[in-house]
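Reading the structure
Here is what each chain is made of, one letter per residue.
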Amino acid sequence: AFRFTADTSATYLLSARYGGIEYFSQPVATNPARPDTAVMVIVADTSSSAPVLVRQRTLLISRPDESGTRTVLDWFVLGNPGEETRVAPDTVRPAWGTPLPPEAQNIELADNRMSQFSPDALVFRGDSALIFAPLSPGDKELMLEYHIPGTLRRFLVPSDRIADSVFVLMEEPS
């Protein structure tokens, strides 16, 4: 049991380190009238071959801006359906990766505040996004942002794995 006086302007998390990986709880409620009574931190053994699935991929493609460039939000929901945390097999190969469109420019994490991955855990190599962070069991979201030329008549999004669902939303000026 943990007892503390909650500061309602703060966010509290519980964490545990297991097998060299830090696991975190969901944020703990700070409303004294509705305290959390069953916060759980789940830890797992690790594997460099645990499967990671693309549960959903959503592409939000803006209309061309004044420079003629479109902004793309490429949003992945990754799922680790097993009981082991997926880890990178070494420092050169990622825990997970995906190819990106060859026209993608200025690739970055879309919003650090909303991401479940640290910018330090991501590497953009050529036309690929690579995650070097552990992927614990359950779902994780990865949101990337990049730009493509607005003059493209055809936009191919490569994938080396099948996604359960794919959504494409494109804004056009007309």
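Every value quoted in this text rests on a predicted model; they were computed, and no experiment measured them.

According to the stated counting rule, one finds 1 aromatic pair in the structure shown. Measuring from ring centre to ring centre gives 5.6 Å for F76 and W96, while their planes differ by 70 degrees; the resulting arrangement is edge-to-face. Here F76 is found in strand 5 (residues 69-80), whereas its partner W96 is found in strand 7 (residues 96-99), with 20 residues between them in sequence. Each member of the pair, F76 as well as W96, is classed as buried.

Now for the sheet that holds strand 7. The antiparallel open sheet is built from 3 strands, whose spatial order is 7-10-9. In this open sheet, the two strands that pair with only one neighbour each are strand 7 and strand 9 (122-125). Between one strand axis and the next, the sheet turns through 15 degrees on average, direction left out of account.

A few words now on the environment of S15. With respect to the helices and strands, S15 occurs in strand 1 (residues 15-18). Placed 12 residues apart in sequence, S15 and P27 show a C-alpha to C-alpha distance of 11 Å. For S15, the contacting residues outside a window of four places in its chain are E22, Y23 and F24. Among the polar contacts listed, one links the side chain of S15 to the side chain of E22, at a separation of 3.0 Å.

Cut-offs applied
Residues numbered from 1 in each chain as written. Predicted model: local features only at pLDDT ≥ 70, side-chain atom pairs only at ≥ 80, totals over all residues. Heavy atoms only, no water. Phe/Tyr/Trp six-rings, centres within 6.5 Å; stacked < 30°, edge-to-face > 60°. Helix = DSSP H or I, 4+ residues; strand = E, 2+ residues; numbered from the N terminus. Buried < 20%, exposed > 50% of the residue type's maximum accessible area, 1.4 Å probe, protein only. Pairing = 2+ DSSP bridges. Axes fitted to C-alpha atoms, helices over the stretch in contact; angles between N-to-C directions. Contact = heavy atoms within 4.5 Å. Polar contact = N/O pair within 3.5 Å; in protein donor to acceptor, adjacent residues only side chain to side chain.

That is the geometry; function is a separate question.
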